[in-house]
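# Summary of the model geometry
Residue strings, one per chain:
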Amino acid sequence: MLYTRASEAANVIAGRAPGPIGAGVVLGSGLGGLADRLSDPVAMPYAELPHFPMTTVAGHPGRLLIGGIGGLRVAMFQGRFHHYEGHDLECVTFPIRVLHRLGVPRVILTAATGGIRDDLGPGSIVCLSDHLNLMGVSPLRGRNDDRLGPRFLDLSEVYSSRLRSLAREEAARLGFVLPEGVYACMPGPNYETPAEIRMLRALGADVVGMSTVPEAIVARHSGLEVLGLVIVTNWAAGISPAPLSHAEVIEASLAVGGRLADLIDAVLRRLSTEPDAGRSPVPVPVP
Ligand SMILES: O=P(O)(O)O[C@H]1O[C@H](CO)[C@@H](O)[C@H]1O
Ligand SMILES: Nc1nc2[nH]cnc2c(=O)[nH]1
């Protein structure tokens, strides 16, 4: 059962890196370097954690690091799972269920994306205001376990307006404007056709990717606050003058990653000053 598997993984993690965790961060394609910001990190390859699948995509190393940023203990997933790898959405979102079982109150989701809106070219950092789930299925499909969250979930505000304004303020402090945008989640692994990108633009999408949305839905299901910060690595198909490639996505992520790391670092430091910052109940032992 998912609840038991997530609790078992949480118990192993809490055993290896004891203490409350104030935030989780999922690192997208080529963004693993953000974990270098952690002080005294404890590294756990997914292979050493119960029930974790293996990552197969370049730029997703596959380990969990727990360490400090400012006064906050943070769990960073260096590598995520995608539906297109063949994992079902329960697997894709397993790290989020584990965060919930660890008592982590919030998660920052990062990703590499293609830019659709005219002002969101390569190198932009975008704060997600909402999403379009075009993956064709919800990660909540199947029997609901009420211990994890409700059967019918309200998604009126997936991406916390509180965290979004905090991120905007910290970006301004760092000297740049942080635009907001709507993320369209496509199933992948192929990139879109130009006609699909025209359709996505007409639907109100600003950036496009193949992840993030299942994780965001599951995080809300389990009551975590969500902040989505993505980088634009390329113009989307048909806007881009050149064919798209994952090698270029990673290269572009590495180029902008430092600025995104500065922003996430600043947001986490700011959160560490909040009264409830590090509060997280000890994981509940597996029944
Ligand atoms: O969303 P992340 O994992 O950052 O990766 C994005 O980049 C890959 C395509 O180049 C896809 O996996 C897409 O979702
Ligand atoms: N679907 C999709 N994912 C991406 N990840 C990075 N760039 C892109 C893109 O253009 N489309």
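Residues numbered from 1 in each chain as written. Chains lettered and ligands numbered in written order. Predicted model: local features only at pLDDT ≥ 70, side-chain atom pairs only at ≥ 80, totals over all residues.

Attention now moves to helix 3 (residues 94-101). Of all 8 residues making up helix 3, 8 are buried, and the element is well covered by its neighbours. Considered for burial, the residues of helix 3 that qualify are Phe94, Pro95, Ile96, Arg97, Val98, Leu99, His100 and Arg101. Each element contacted by the buried residues of helix 3 is listed here: helix 1 (2-16), strand 1 (23-27), strand 4 (72-78), helix 2 (89-92), strand 5 (106-115) and helix 6 (213-221). (Buried ≥ 20, exposed ≤ 12 C-beta atoms within 10 Å, placed from the backbone. Helix = DSSP H or I, 4+ residues; strand = E, 2+ residues; numbered from the N terminus. Contact = placed C-beta atoms within 7 Å.)

In this section: the environment of Pro189. Considering the arrangement of structural elements, one finds Pro189 in the loop between strand 7 (180-185) and helix 5 (194-203). What Pro189 contacts, discounting residues up to four positions off in sequence, is Tyr84 and Met210.

The next point concerns the UniProt feature "binding site: phosphate" (unreviewed entry) in the protein chain. UniProt marks Ser29, His60, Arg80, Phe81, His82, Ala112 and Ser211 with the feature "binding site: phosphate" (unreviewed entry), using the numbering shown here. Considering the arrangement of structural elements, one finds Phe81 in the loop between strand 4 and helix 2. Residue Phe81 is classed as buried on the basis of its 29 C-beta neighbours within 10 Å. With residues up to four places along the chain from it excluded, the contact list for Phe81 reads Pro53, Thr55, His87, Cys91 and Val92. (UniProt positions renumbered as here; feature names shortened; annotations may be inferred.)

Our focus in this paragraph is the UniProt feature "binding site: a purine D-ribonucleoside" (unreviewed entry) in the protein chain. The feature "binding site: a purine D-ribonucleoside" (unreviewed entry), as given by UniProt, occupies Glu192 and Asn234 in the numbering adopted here. Taking the farthest pair of C-alpha atoms as the criterion, the annotated set spanning 43 residues converges on one region, since that pair is 12.4 Å apart. The class for Glu192 is buried, based on 21 C-beta atoms found within 10 Å. Once residues lying within four places of it in the same chain are set aside, the contact partners of Glu192 are Met186, Ile197, Val208, Ala236 and Ala237. Checked against the element boundaries, Asn234 lands in strand 9 (residues 225-235). Residue Asn234 is classed as buried on the basis of its C-beta count, with 22 C-beta atoms lying within 10 Å. Discounting chain neighbours no more than four positions away, the residues touching Asn234 are Gly114, Pro122, Ser240, Leu244, Glu248, Val249 and Ala252.

We now examine the site of ligand 2. Taken together, 15 residues surround ligand 2, and among them Ala112, Gly114, Val208, Gly209 and Val249 come closest. For the shell around ligand 2, the secondary-structure elements that each account for two or more residues are strand 5, strand 8 (207-209) and strand 9. Looking at the shell around ligand 2, the element that brings in the most residues is strand 5, giving 3 residues. Partitioning the shell around ligand 2 into residue classes produces 8 nonpolar, 6 polar and 1 charged. (Near = placed C-beta within 6 Å. Nonpolar A, V, L, I, M, F, W, Y, C, P; charged D, E, K, R; others polar.)

For the rest of this paragraph, the subject is the nonpolar core. One finds Val74, Met76, Val107 and Leu229 to be the most contacted residues of the largest nonpolar core, which totals 83 residues. Considering every element that reaches this core, the biggest residue donor is helix 7 (residues 246-272), with 8 residues. In this view, Leu229 contacts Ile108, Thr110, Ile125, Cys127, Ala167, Leu260, Leu263 and Ile264; residues no more than four positions away in its chain are not counted. (Core = buried A, V, L, I, M, F, W, Y, C linked by C-beta atoms within 7 Å.)

Describing two packed helices takes the angle between their axes plus the distance from one axis to the other. Two elements in contact, helix 4 (residues 161-174) and helix 7, have axes whose closest approach is 9 Å; the angle formed by their N-to-C orientations is 120°. The angle between helix 4 and helix 7 falls in the class oblique. Handedness of the helix 4/helix 7 crossing: right-handed. Together, Leu166, Ala167, Glu170, Ala171, Arg173 and Leu174 of helix 4 and Asp262, Leu263, Ala266, Val267 and Arg270 of helix 7 make up the contact between the two elements. A per-class count over the contact of helix 4 with helix 7 returns 7 nonpolar, no polar and 4 charged. (Axes fitted to C-alpha atoms, helices over the stretch in contact; angles between N-to-C directions. Parallel < 35°, antiparallel > 145°, perpendicular 65-115°, else oblique. Left-handed = near helix turned anticlockwise from the far one by under 90°.)

In the contact formed by helix 1 and helix 3, the axes pass within 8 Å of each other and the chain directions differ by 65°. Classified by the angle between their axes, helix 1 and helix 3 sit roughly perpendicular to one another. The two elements helix 1 and helix 3 cross, and the hand of that crossing is right-handed. For the pair formed by helix 1 and helix 3, the contact residues are Leu2, Ala6, Ser7, Ala9, Ala10 and Ile13 on the first element and Phe94, Arg97, Val98 and Arg101 on the second. Grouping the amino acids of the contact of helix 1 with helix 3 by side-chain chemistry returns 7 nonpolar, 1 polar and 2 charged.

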